[in-house]
Amino acid sequence: MAEKHLIVVDLDGTLLTDDKKISVRTKKVLRKAMEQGHEVMIATGRPYRSSGLYYQELGLVTPMVNFNGAFVHHPRNNSWGLYHEPMDLKTAAEIVDACHDFDFHNIIAEVQDDLYFHYHDERLINLFNLGNPAVTTGDLRQMLMDDPTCMLIQATEKTAPLIRGHLSEVHAEVIHHRRWNAPWHVIELVKLGLNKAIGIQRAAADLNIPKERIIAFGDEDNDLEMIEYAGTGVAMGNAINELKNIANEITLTNEEDGVAAFLEHKLNLAADEKSAM
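Quick notes on the rules
- Residues numbered from 1 in each chain as written.
- Predicted model: local features only at pLDDT ≥ 70, side-chain atom pairs only at ≥ 80, totals over all residues.
- Heavy atoms only, no water.
- Pairing = 2+ DSSP bridges.
- Helix = DSSP H or I, 4+ residues; strand = E, 2+ residues; numbered from the N terminus.
- Contact = heavy atoms within 4.5 Å.
- Axes fitted to C-alpha atoms, helices over the stretch in contact; angles between N-to-C directions.
- pLDDT = per-residue confidence, 0-100.
- Salt bridge = Lys/Arg side-chain N within 4 Å of Asp/Glu carboxyl O.
- Buried < 20%, exposed > 50% of the residue type's maximum accessible area, 1.4 Å probe, protein only.
- Lys, Arg positive; Asp, Glu negative; His and termini not counted.
- Disulfide = S-S within 2.5 Å.

Turning to the sheet that holds strand β1 (residues 6-9), a few remarks are in order. Pairing is parallel across the open sheet formed by five strands, whose spatial order is β2-β1-β12-β13-β14. Two strands bound the open sheet, and with one partner strand each, they are β2 (39-42) and β14 (249-250). Looking at chain direction, strand β13 (residues 232-235) and β14 are connected through two bridges and run parallel. Directly across from Ala-235, in β14, lies its bridge partner Ile-250. Here helix α11 (residues 258-266) sits on the sheet in contact with β1, β12 (214-218), β13 and β14, set at roughly 160° to β12.

A few words now on the confidence of the model for the protein. Summarising the model, the protein shows a mean pLDDT of 93, and 96% of its residues fall at 70 or more. Throughout residues 273-277 the model reports pLDDT below 50, and contacts reaching past four residues in sequence, or to other chains, amount to nine contacts.

Scanning all chains against the criterion turns up 18 salt bridges. When the shortest N-O distance is used, the salt bridge between Arg-49 and Glu-110 registers 3.0 Å. Of the two residues, Arg-49 is situated in the loop between β2 and α3 (52-58) and Glu-110 in strand β6 (residues 106-111); the sequence distance between them amounts to 61 residues. There is no split in this pair, since Arg-49 and Glu-110 are both buried.

This paragraph deals with the environment of Ser-168. Inspection of the secondary structure puts Ser-168 in helix α7 (residues 160-170). The exposure class of Ser-168 is partly exposed, given its relative accessible area of 39%. For the pair Ser-168 and Gly-69, spaced 99 residues apart in sequence, the C-alpha to C-alpha distance is 20 Å.

This part takes up the sheet that holds strand β9 (residues 150-154). In space, the six strands of this open sheet follow the order β8-β7-β6-β9-β11-β10, with mixed pairing throughout. Because the sheet does not close on itself, it has two edges, and the strands there are β8 (134-137) and β10 (175-179). For this sheet, the mean inter-axis angle between neighbouring strands, taken without regard to orientation, is 20°. Relative to strand β11 (residues 186-191), β10 is paired through five bridges, and the arrangement is antiparallel. Bridge pairing links His-176 to Val-190 in β11. Each of β6, β9, β10 and β11 is contacted by helix α4 (residues 89-99), which is oriented at about 5° to β9, the strand it contacts most.

Let us now look at the side chain of Glu-220. Along the chain, Glu-220 turns up in the loop between β12 and α9 (224-229). At 4.1 Å, Arg-178 is the nearest oppositely charged side chain to Glu-220, a buried residue that forms no salt bridge. Setting aside anything within four residues of it in sequence, one finds Glu-220 in contact with Arg-178, Asn-181, Ile-240 and Leu-243.

On to α11, then. Buried residues dominate α11, accounting for seven of its nine residues. For α11, the set of buried residues is Gly-258, Val-259, Ala-260, Ala-261, Phe-262, Leu-263 and Glu-264. Structurally, α11 contributes buried residues whose contacts are with β1, α1 (11-15), α2 (24-35), β12, β13 and β14. Of the residues trailing α11, Asn-268 is marked for its positive phi of about 60°.

This brings us to the state of the cysteines. Counting across every chain of the model gives zero disulfides. The thiol of Cys-99 is not disulfide-bonded; the next cysteine sulfur, from Cys-150, is found 14 Å away. You can call Cys-99 buried: its relative accessible area is 1%. Residue classification places Cys-150 among the buried positions, given a relative accessible area of 4%.

As a further point, take the pairing of strand β7 (residues 114-117). The pairing of β6 with β7 spans four bridges and is antiparallel. Looking at the pairing, Val-111 lines up with Asp-114 of β7. Hairpin connection of β6 to β7: two residues between the antiparallel strands, including Gln-112 at a positive phi of 50°. Pairing of β7 with β8 involves four bridges; the strand directions are parallel. Bridge pairing links Tyr-116 to Thr-136 in β8.

Have a look at this one:
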């Protein structure tokens, strides 16, 4: 077999199809990779409550990166360690204050798997409800009692860049922010210095796999650091141009089984004819 590799997959737009499923072909190839001794791990911006089902579906036995590196843990091994690096609560309150100088729809704070909504919004609550989190609604400056793992600001097309400008000017030394792609006008915030690559480094060290044998797949700007860090950084065919520009390789889209297609060739894996159960 090929030397042992660590295969790291983002979820949305990468491992998952547009209807949020793992295709039969991709599941087969990843399972075959594990059977041959390779390691597979998930690195996602999602919380564990909405990503653990994919971890279980694939039968993974590796650490996992959630919240873009703000939460790194091992779902099957509590003794591995738990790395939770939230934002400061005082900073979060200041950001909520500042948002009231702009036009925005809502602010969401997540404390690991607990959800806090600044304004009650049944549609948003239903959207975030996967995993049945504890949900609290009310002014975050009063209701939020713990340092948030991450925050999401639902702005407008016009005010999203203005809010980001303020965040860069006032809070650049303590938080990192990014904007979701259109049609979303959402700004995502985590503590400064955190990204998926940080968690991958911890996992790779524990698994004794060198950087040159890490294969990472992604499609969005929250994948930039891990694609740059990995020995083989692979951009999906549907990835943003910034990611494609720094990637070592570009594969097919998430709808075309891009992860499976690349691994079949790279690691000499071929999906069997029979469907995965």
